Amino acid sequence: MTGSVLPAPEPGAPGTPAARPSAPEPAVAEPSVPGPPARAVRSGGGRASRVRPGVLLAALVLAAAVLACAWPGLLAHADPTAADPVAALTPPGSEHWLGTDQLGRDVYTRVVHGARYSLLIGLGATALSVLAGLLVGLPAALSGRIGDQVAMRAVDVLLALPELLLALLVIAVVGPGTGNALLAIAIAATPGFARLVRGQAMVVRGSEYVRAATALGVPRTAVVLRHVLPNTLGPLTVPATLAVGTAVVSGSALSFLGLGPKAPAPEWGAMLSQGRDFLSTAWWIAVFPGAAITAAVVAITVLGRQLHRRLEGRTP
């Protein structure tokens with residue numbers, strides 16, 4: 001009969017298709033707490049990282065320079081200022097490994113003893129410039145708007161001058177010499193560190209833990225010493241390391257111009273200046289001090305960049 005409704009067949013009845021199993025409902029993934037990122041493990045013995053040959057070579061060069069700076073007599077037993085006119089301009093050989101200069105002084109001995117002058121000028125100037133940058137940049141970041149603007153405009157004026165030119169201006173006022181050259185290089189590098197300190201201190205000052213400490217009633221001096229100052233010094237490690245190489249080059253440049261250590265001090269820049277007149281007849285007088293400057297600066301730069309990569313969490 002048209003329009004009648006037939007009863008639904010019972011399950012399992014003959015001629016009735018078997019019921020299909022229903023698809024399982026998809027499981028709802030629970031939100032997971034993000035954990036620390038997993039470190040990538042490189043193949044090759046399961047080591048996470050390997051020391052690159054260039055970094056290892058730079059470390060060895062810098063270690064040799066530090067050893068020559070601390071104990072020069074351990075590497076060279078002769079007197080770096082002892083002259084022997086009979087042996088003047090002797091080429092490199094078994095008796096004099098790097099030859100002798102125009103006065104008969106052993107070039108190898110003078111290069112070894114010259115590390116003390118060049119590295120101490122670089123390290124001392126960098127340490128003074130970082131300290132001066134803290135004394136200028138930290139109060140500027142923590143003071144009011146007027147104090148900050150006055151300090152930073154003075155820093156901008158000094159930053160407009162090249163560091164070597166600013167060092168020459170200081171030398172013109174205080175006079176030449178080892179200590180004055182160190183002071184001049186430090187003053188020339190201070191504006192850059194003052195700008196870095198001020199920027200980092202501004203970031204730390206606006207952080208949550210500094211605001212929380214201030215809200216809890218911690219004295220301002222304690223907040224600066226416990227929170228602002230340590231977290232400002234940390235990021236200065238890499239720029240300070242790289243600045244040592246720049247200071248070594250600046251110190252050698254001042255000595256090359258006769259504004260550094262007085263003769264007969266075996267400073268690399270002064271040796272390079274003395275050997276420039278003998279390049280055609282005795283090239284070793286200038287080449288080996290220049291090679292020492294280049295090797296020391298490149299080693300410091302490579303290790304500084306490697307330290308930067310480590311602090312950023314990047315593999316070498």
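Just above sits the structure.
All values reported here derive from a predicted model rather than from experimental measurement.

**A few points about empty space enclosed by the protein**
Summed over the entire model, instances satisfying the criterion amount to 1 cavity of 30 Å³ or more. In this structure, the largest cavity occupies an estimated 40 Å³ of space. Around the largest cavity sit Asp101, Val107, Arg110, Met271, Gln274 and Ile285, which together line it. Where the lining of the largest cavity is concerned, the elements lending two or more residues are α3 (107-142) and α10 (268-275). When the residues that make up the lining of the largest cavity are grouped by side-chain class, the tally is 3 nonpolar, 1 polar and 2 charged.

**A word on helix α11 (residues 284-311)**
Under the 1.5 Å per step criterion, the end-to-end length of α11 is 40 Å for 28 residues, consistent within 8% with the ideal 40 Å. Among the residues trailing α11, Gly313 stands out with phi positive, at a value near 85°.

**Re the nonpolar core**
Membership of the largest hydrophobic core comes to 22 residues, with the highest contact counts inside it found for Val107, Val111, Leu119, Val248, Trp268, Met271 and Trp284. Only α1 (53-70), α3, α9 (237-256), α10 and α11 provide two or more residues apiece to this core. Of all hydrophobic cores here, the second largest spans 14 residues; its members include Val170, Ala181, Ala184 and Ala188.

**With respect to the side chain of Ser255**
Residue placement: Ser255 occurs in helix α9. Residue Ser255 is classed as buried on the basis of its relative accessible area of 5%.

**Some words on the pattern of salt bridges**
Oppositely charged side chains may form a pair once their charged atoms are brought near each other. Tallied over the entire structure, the rule returns 4 salt bridges. A salt bridge links Arg105 to Asp101, with the nearest nitrogen and oxygen atoms 2.8 Å apart. Just as Arg105 is buried, Asp101 falls in that class too. The shortest N-O distance in the salt bridge between Asp156 and Arg195 comes to 2.2 Å. Linking Asp156 in helix α4 (residues 145-159) with Arg195 in helix α6 (residues 178-205), this pair joins segments that are 39 residues apart in sequence. In this structure Asp156 comes out as partly exposed when scored by relative accessible area, which is 28%. Because the salt bridges share partners, they merge into one network encompassing Arg153, Asp156 and Arg195.

**Things to note about the packing of aromatic side chains**
All told, the structure shown has 3 aromatic pairs when counted by the stated rule. Measuring from ring centre to ring centre gives 5.2 Å for Trp97 and Tyr108, while their planes differ by 50°; the resulting arrangement is tilted. Pair noted here: Trp97 is in the loop between α2 (72-75) and α3 and Tyr108 is in helix α3, with a separation of 11 residues, a long-range link. Their ring planes at 45° and their centres at 5.8 Å tell us that Trp283 and Phe288 sit as a pair that is tilted. According to the relative accessible area criterion, Phe288 is partly exposed, its value standing at 22%. Chaining the aromatic ring pairs together yields one cluster made of Trp283, Trp284 and Phe288.

**Focus on the layout of surface pockets**
Of the voids in this model, the largest pocket is the one considered here, and its volume is about 310 Å³. For the largest pocket, the lining is made up of 16 residues, of which Ala65, Val111, Val112, Trp268 and Ala292 are closest to its centre. Elements supplying a minimum of two residues to the lining of the largest pocket: α1, α3 and α11. The greatest single-element share of the lining of the largest pocket, amounting to 5 residues, is contributed by α11. Taken together, the residues of the lining of the largest pocket sort by class into 16 nonpolar, no polar and no charged.

Rules used throughout
- Note that residues are indexed from 1 along each chain, following the sequence as it is written.
- The model is predicted, so local features are restricted to residues of pLDDT at least 70 and side-chain atom pairs to those at 80 or more, both for listing and for counting; the totals for chains, interfaces and linings are taken over all residues.
- For the side-chain quantities, the full set of heavy atoms in the structure was used; hydrogens and water were omitted.
- A cavity, in this analysis, means grid points on a 1 Å lattice covering only the protein atoms where a 1.4 Å probe fits yet has no way out; a pocket is instead an open set bounded by protein on both sides within 12 Å along at least five of seven lines, and a residue lines either one if it has an atom within 4 Å of a point.
- Grid points are joined across faces, edges and corners, and a volume is the space filled by probe spheres set on the points.
- Helix and strand definitions here come from DSSP, where helices need a minimum of 4 consecutive H or I residues and strands a minimum of 2 consecutive E residues; each element is numbered from the N-terminal end.
- Each residue gets one label: Ala, Val, Leu, Ile, Met, Phe, Trp, Tyr, Cys and Pro are nonpolar, Asp, Glu, Lys and Arg are charged, and the others, such as Gly, are polar.
- By this rule the span expected of a helix is its residue count minus one, scaled by 1.5 Å.
- Here, the term nonpolar core denotes a set of buried Ala, Val, Leu, Ile, Met, Phe, Trp, Tyr and Cys residues that are joined through side-chain atoms within 4.5 Å.
- The rule is simple: take the accessible area with a 1.4 Å probe, protein chains only, and divide by the maximum for that residue type; under 20% is buried, over 50% is exposed, in between is partly exposed.
- Salt bridge, as applied in this entry: a Lys or Arg side-chain nitrogen positioned within 4 Å of an Asp or Glu carboxyl oxygen.
- Planes of paired rings set the category: under 30 degrees apart is stacked, over 60 is edge-to-face and the rest tilted, where pairs are Phe, Tyr or Trp rings (Trp by its six-membered ring) whose centres lie within 6.5 Å.

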